[in-house]
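Chain residues, written in single-letter form:
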Amino acid sequence: MSGFIDLHGVSHRYGGIQAGPEGVLAVEDLTISVGRGEFAAVVGPSGCGKSTLMKLVTGLQFPYAGSVTVGGEKVSQPVKIAGMAFQAPTLLPWRTTLENLLLPLEIVQPHRSELRRKKSEYVARAEKLLASVGLGGFGAKYPWQLSGGMQQRTSLCRALIHEPQLLMLDEPFGALDAFTREELWCVIRDLHAARKITIVLVTHDLREAVFLADRVFVMSSRPGRILVERKIDIPRPRDLEVTFTKEFQDIVHDLRGHIVQARQ
Amino acid sequence: MTRANMLIRLAPWLFTIGLFVIWEGAVRIFQIPEFFLPPPTAVAKAFYEYWPAIYRNSLITLEATLVGFALAVGFGLALGLVIGWSRTIYAGIYPLMIGFNAIPKVAVVPILVLWFGIGFVPAVLTAFLISFFPIVVNVATGLATIEPELEDVLKALGASKLDIMRKVGIPRSLPYFFGSLKIAITLAFVGTVISESIASNYGIGNLMLQAQAQFQVPLIFAGLVALAVEGIVMYWLMAILETRMTGWAQRSGFAQN
Ligand SMILES: Nc1ncnc2c1ncn2[C@@H]1O[C@H](COP(=O)(O)OP(=O)(O)OP(=O)(O)O)[C@@H](O)[C@H]1O
Ligand SMILES: [Mg+2]
């Protein structure tokens, strides 16, 4: 009980507790702990409460039972330190890629009050970040001038620009083709290695989970609980080649077995 | 410019001219009496003969319409923002607004006359009442349809509701707002003319009413044409404004479903 993220015995019902059986019991007695700087992946059947878990951690939803703490503090409002990215890139079409990246800096303190003074510094930071995901020189383009994969990279950059301690990724690569997806795995892997941030990744792709994560959590079908927790001991830095080794595939196979069970 | 493009450019004029030609032809072939349906040539003649009156009254109608429209823009924008801001206010006001919008504005004019007398004021207010609804609805829609995921991203950064409105809500409701102006301006004309033809001594509505009383049917139609021209010009101005202000929405295919 001393992780960066701690959920203990958490139950959450949409529609509020007073909704009773009419509400949707999304997660029940969920306990999970993720250490500082750790990369955790959460897998589970569709509708089992993975996105709900993300919302509970970031303070976008509050449980009726159990406790949620992040960075040692009980979560009672949106956490303010998290970067989030989803399956849909949700960029603002009236802003250029660069302006989209600057959006978090217009909100998060202390950047917010320093934005005007340090504008050029922030722009340089954004451009550097874009370059690091292979989007150097695309800052002036509008989101709808970018491909789906490029938009997703921008969305990732937006989640990182304010250098959050916590990165929450909810199926960020779900809508991408296999090659782009693997490229972005490497982007995330390198970001994690370089910045030591805590990352929680929700995914349907077991290979993705095993390749990226230090630990993989398998959730049961709704109401979601953690069924299995599996440490991935493959040494870092991991190369894409590792996904073709027997060791890797055994882990994936094993996890698949748990999911199949979870769905029943 | 390619041939196809040229044709598209010319199409509005060709179709308009075609309409008048068919109209003229039909009146002549079927020998429709002028007091029933005057041919375009007779309408044009009336236009020419009564030009000073048509011109003066058109300006009066236009003025009332624009003042009513301006009120509708201000009020509609404000109410739309308030409704989009708070679910409670939305829930409370929406049924009222729908009920209000369902009332035929013809029925409201006598009340306005009771309060303000006949003439300019009821015309302005009728134009206002009939045209603010689409503006409110569109602005509120733009605010209410923010992607929940984007809202989550911003909230997890500690964004306040005001932040979300300023950074996302208002910019994204602008295309809806400017889109609604085209509808609102044409409705505003309808409102003005309704009021003028019931309770005014001026304006195109009144001109048409008088022409009707004196059986000057070509003049009635001339009034209609004057209104149509004003409506088209204002619509077109609003469309240009829309493209100018929110070109990004059209280029990105935003909200075009
Ligand atoms: N805002 C909401 N209101 C009511 N019920 C909701 C809401 N969001 C989710 N639910 C319900 O809670 C349950 C868990 O949803 P959640 O989105 O957490 O699942 P998930 O594991 O992320 O699914 P997927 O893998 O398909 O994304 C679902 O049954 C869903 O219907
Ligand atoms: Mg989900």
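Residues numbered from 1 in each chain as written. Chains lettered and ligands numbered in written order. Predicted model: local features only at pLDDT ≥ 70, side-chain atom pairs only at ≥ 80, totals over all residues. Heavy atoms only, no water.

### Looking at the overall build of chain A
For step 1, the next point in the chain: Within chain A, the regular secondary structure consists of eight helices and ten strands.
For step 2, the next point in the chain: For chain A, whose C-alpha radius of gyration is 19 Å, the value lies close to the compact-globule estimate of 18 Å for 264 residues.
For step 3, the next point in the chain: Taken along the three principal axes of its C-alpha coordinates, chain A extends 50 × 50 × 35 Å.
For step 4, the next point in the chain: Looking at the 264 residues of chain A, the share that counts as buried comes to 55%.
For step 5, the next point in the chain: Long-range contacts, defined as pairs at least 24 residues apart, comprise 70% of the intrachain contacts of chain A with a sequence gap of at least 6.
For step 6, the next point in the chain: Carbon and sulfur atoms make up 50% of the accessible area of chain A, which totals about 11700 Å².
For step 7, the next point in the chain: Side chains of chain A give 32 positive and 28 negative charges; the mean places of these two sets differ by 5 Å. (Helix = DSSP H or I, 4+ residues; strand = E, 2+ residues; numbered from the N terminus. Rg over C-alpha atoms; globule rule 2.2 N^0.38 Å. Buried < 20%, exposed > 50% of the residue type's maximum accessible area, 1.4 Å probe, protein only. Contact = heavy atoms within 4.5 Å. Areas by Shrake-Rupley, 256 points an atom, 1.4 Å probe, with all protein chains shown as cover. Lys, Arg positive; Asp, Glu negative; His and termini not counted. Charge placed at Lys NZ, Arg CZ, Asp CG, Glu CD.)

### A word on the packing of helix 9 (residues 203-213) of chain B against helix 10 (residues 217-245) of chain B
Residues and elements named next belong to chain B.
For step 1, the next point in the chain: Interaxial distance between helix 9 and helix 10 falls to 8 Å at its minimum, and their mutual angle equals 165 degrees. In terms of orientation, helix 9 lies roughly antiparallel with respect to helix 10. With respect to the hand of their crossing, helix 9 and helix 10 are arranged in left-handed fashion. Between helix 9 and helix 10, the residues in contact are Ile204, Leu207, Met208, Ala211 and Gln212 and Leu219, Ile220, Gly223, Leu224, Ala226 and Leu227, respectively. (Axes fitted to C-alpha atoms, helices over the stretch in contact; angles between N-to-C directions. Parallel < 35°, antiparallel > 145°, perpendicular 65-115°, else oblique. Left-handed = near helix turned anticlockwise from the far one by under 90°.)

### Structural notes on the interface of chain A and chain B
For step 1, the next point in the chain: Facing the 25 residues of chain A at the interface are 21 residues of chain B.
For step 2, the next point in the chain: Counting the surface lost from both chain A and chain B, the interface buries some 2000 Å², and carbon and sulfur atoms represent 73% of this.
For step 3, the next point in the chain: Summed over the three residues of chain A that lose the most area to chain B, namely Trp94(A), Ile107(A) and Trp144(A), the buried surface amounts to 32% of that side.
For step 4, the next point in the chain: If you look at where chain A meets chain B, you find two salt bridges.
For step 5, the next point in the chain: A salt bridge links Asp163(B) to Arg112(A), with the nearest nitrogen and oxygen atoms 2.5 Å apart.
For step 6, the next point in the chain: Linking chain A with chain B are three residue pairs in polar contact (both at pLDDT 80 or more).
For step 7, the next point in the chain: Listing elements by their share of the side of chain A that touches chain B, those giving two or more residues are helix 1 (50-58) and strand 6 (82-85) of chain A.
For step 8, the next point in the chain: For the side of chain A that touches chain B, the residue count by class is 16 nonpolar, three polar and six charged. (Buried area = accessible area lost by both parts, 1.4 Å probe. Salt bridge = Lys/Arg side-chain N within 4 Å of Asp/Glu carboxyl O. Polar contact = N/O pair within 3.5 Å; in protein donor to acceptor, adjacent residues only side chain to side chain. Nonpolar A, V, L, I, M, F, W, Y, C, P; charged D, E, K, R; others polar.)

### Details of the pattern of salt bridges
Residues and elements named next belong to chain A.
For step 1, the next point in the chain: Here the structure, examined in full by the defined rule, presents 19 salt bridges over all chains.
For step 2, the next point in the chain: Note that Arg215 and Glu38 form a salt bridge whose closest N and O atoms lie 2.6 Å from each other. Of this pair, Arg215 sits in strand 9 (residues 215-219) while Glu38 sits in the loop between strand 2 (24-34) and strand 3 (39-43), and the two are 177 residues apart along the sequence.
For step 3, the next point in the chain: Taking the relative accessible area as the measure of exposure, Glu38 reaches 12% and is therefore buried.
For step 4, the next point in the chain: A salt bridge links Glu114 to Lys118; its shortest N-O distance comes to 3.0 Å.
For step 5, the next point in the chain: By sharing partners, the salt bridges in this structure join Glu38, Arg215 and Glu229 into a single network.

### Examining the site of ligand 1
Residues and elements named next belong to chain A.
For step 1, the next point in the chain: Near ligand 1 lie 13 residues; those nearest to it are Ser46, Gly47, Lys50, Ser51 and Thr52.
For step 2, the next point in the chain: Gly49 places a main-chain nitrogen or oxygen 2.9 Å from an oxygen atom of ligand 1.
For step 3, the next point in the chain: In the complex, 63% of the free accessible area of ligand 1, which totals 630 Å², lies under the protein chains.
For step 4, the next point in the chain: Listed by contribution, the elements that provide at least two residues to the shell around ligand 1 are strand 2 and helix 1.
For step 5, the next point in the chain: Considering each element in turn, the shell around ligand 1 owes the most residues, three residues, to helix 1. (Near = heavy atom within 4 Å.)

### Re a nonpolar patch on the surface
All names here are of chain B.
For step 1, the next point in the chain: Side chains of Val67, Leu71, Ile111, Leu114, Trp115, Phe116, Phe120 and Val121 sit close together on the surface and give an oily, nonpolar patch of about 790 Å² of accessible area.
For step 2, the next point in the chain: For the nonpolar patch, the secondary-structure elements that each account for two or more residues are helix 3 (51-85), helix 5 (109-116) and helix 6 (120-144).
For step 3, the next point in the chain: Here the nonpolar patch takes four residues from helix 5, the largest share from any one element.
For step 4, the next point in the chain: Assignment of secondary structure puts Phe116 in helix 5. (Patch = residues over 30% accessible without salt bridge, like charges linked within 9 Å, V, L, I, M, F, W, Y side chains within 5 Å.)

### Quick word on the sheet that holds strand 5 (residues 73-74) of chain A
Residues and elements named next belong to chain A.
For step 1, the next point in the chain: Here we have four strands laid out as an open sheet, ordered 2-1-4-5, and antiparallel in their pairing. In the strand order of this sheet, the two ends are held by strand 2 and strand 5, each with one partner.
For step 2, the next point in the chain: Those strands touched by helix 1 are strand 1 (5-14), strand 2 and strand 4 (65-70), and its axis lies near 115 degrees from that of strand 1. (Pairing = 2+ DSSP bridges.)

### Re empty space enclosed by the protein
All names here are of chain A.
For step 1, the next point in the chain: Taken as a whole and assessed by the stated rule, the structure comprises one cavity of 30 Å³ or more.
For step 2, the next point in the chain: Here the largest cavity is characterised by a volume of approximately 50 Å³.
For step 3, the next point in the chain: Along the walls of the largest cavity sit Ile5, Leu7, Ile32, Val34, Ala40, Val42, Leu53, Val57 and Val200, which together make up its complete lining.
For step 4, the next point in the chain: Residue assignment for the lining of the largest cavity shows that the elements contributing at least two residues are strand 1, strand 2, strand 3 and helix 1.
For step 5, the next point in the chain: Tallied by class, residues from the lining of the largest cavity come to nine nonpolar, no polar and no charged. (1 Å grid on protein atoms, 1.4 Å probe; cavity = no way out; pocket = protein on both sides within 12 Å on 5 of 7 lines; lining within 4 Å. Points joined across faces, edges and corners; volume = space filled by probe spheres on them.)

### Describing helix 1 (residues 3-29) of chain B
All names here are of chain B.
For step 1, the next point in the chain: Residue Leu10 marks the point of greatest curvature in helix 1, where the axis turns by about 45 degrees; the proline Pro12 follows within four residues.
For step 2, the next point in the chain: Along helix 1, the positions that sit buried rather than exposed are Trp23, Glu24 and Val27.
For step 3, the next point in the chain: Buried residues in helix 1 make contact with helix 2 (40-49) and helix 10. (Bend = angle between axes of the 7 residues up to and from the residue.)

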